[in-house]
Amino acid sequence: MKPIEKQELKKWIKQEQANNLVFYSKGIQDYWGDFVLSRVESGEVTTLKQAKFLGRALWVFYDNAIYIEDHEA
């Protein structure tokens, strides 16, 4: 797999944040982007495919957390 190109990653992060404007606050979107980017910078994530998987998994986590919070008694 090819290594991540930072500009390509940042472009994808901005696109994902724009696609999720309706669902999440600006704070969550910023945290999401920072989290994905930090994992790349630390070397834990080394390909764009891994970054996209991590990012999408994090959106699913947020969805589940919001659902649970909304449905707690």
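Residues numbered from 1 in each chain as written. Predicted model: local features only at pLDDT ≥ 70, side-chain atom pairs only at ≥ 80, totals over all residues. Heavy atoms only, no water.

(A) Region of the structure containing the overall build of the chain. For the chain, the helix and strand inventory stands at three helices and zero strands. Each helix (α) and strand (β) of the chain, taken in turn from the N terminus, gives the series α-α-α. Dimensions of the chain, computed from the C-alpha atoms along their principal axes, are close to 45 × 20 × 15 Å. Buried positions account for 32% of the 73 residues belonging to the chain. In the chain, once contacts between residues fewer than 6 apart in sequence are set aside, the share between residues at least 24 apart is 63%. When the accessible surface of the chain is totalled, it reaches about 5,300 Å², and 57% of it is carbon and sulfur. Both charge centroids of the chain, one from 10 positive and one from 11 negative side chains, sit 11 Å from each other. (Helix = DSSP H or I, 4+ residues; strand = E, 2+ residues; numbered from the N terminus. Buried < 20%, exposed > 50% of the residue type's maximum accessible area, 1.4 Å probe, protein only. Contact = heavy atoms within 4.5 Å. Areas by Shrake-Rupley, 256 points an atom, 1.4 Å probe, with all protein chains shown as cover. Lys, Arg positive; Asp, Glu negative; His and termini not counted. Charge placed at Lys NZ, Arg CZ, Asp CG, Glu CD.)

(B) Broad picture of the packing of helix 1 (residues 6–19) against helix 2 (residues 26–41). Remark: helix 1 packs on helix 2, axes separated minimally by 10 Å, with the N-to-C direction vectors making an angle of 160°. Judged on the interaxial angle alone, helix 2 and helix 1 are roughly antiparallel. Where helix 1 crosses over helix 2, the handedness of that crossing is right-handed. Taking contact as the criterion, the partners of K6, L9, K10, W12, I13, E16 and Q17 in helix 1 are, on helix 2, Q29, D30, W32, G33, V36, L37, V40 and E41. (Axes fitted to C-alpha atoms, helices over the stretch in contact; angles between N-to-C directions. Parallel < 35°, antiparallel > 145°, perpendicular 65-115°, else oblique. Left-handed = near helix turned anticlockwise from the far one by under 90°.)

(C) Examining the side chain of Q29 more closely. As for its placement among the helices and strands, Q29 is situated in helix 2. A polar atom in the side chain of Q29 sits 3.0 Å from the backbone oxygen of Y24. Setting aside anything within four residues of it in sequence, one finds Q29 in contact with Q17, N20, L21, Y24 and W59. (Polar contact = N/O pair within 3.5 Å; in protein donor to acceptor, adjacent residues only side chain to side chain.)

(D) Spatial organisation of the packing of helix 2 against helix 3 (residues 48–71). Across the interface, helix 2 lies against helix 3 with an axial gap of 10 Å and an inter-helix angle of 145°. Between helix 2 and helix 3 the crossing geometry is right-handed. Along the contact surface, helix 2 presents I28, Q29, Y31, W32, F35, V36, R39 and V40, while helix 3 presents A51, L54, G55, L58, W59 and Y62.

(E) Molecular detail of the nonpolar core. Of all hydrophobic cores here, the largest spans 16 residues; its most connected members are I4, L9, I13, W32, V36 and A51. Elements with a contribution of two residues or more to this core: helix 1, helix 2 and helix 3. The contacts of L9, once residues within four sequence positions are left out, are I4, V36, L37, V40, L48 and A51. (Core = buried A, V, L, I, M, F, W, Y, C linked by side-chain atoms within 4.5 Å.)

(F) Focus on the environment of G55. On the secondary structure map, G55 appears in helix 3. Along the primary structure G55 and E44 are separated by eleven residues, whereas in three dimensions their C-alpha atoms are 13 Å apart. When sequence neighbours within four positions are dropped, the list of residues in contact with G55 reads W12, W32 and V36.

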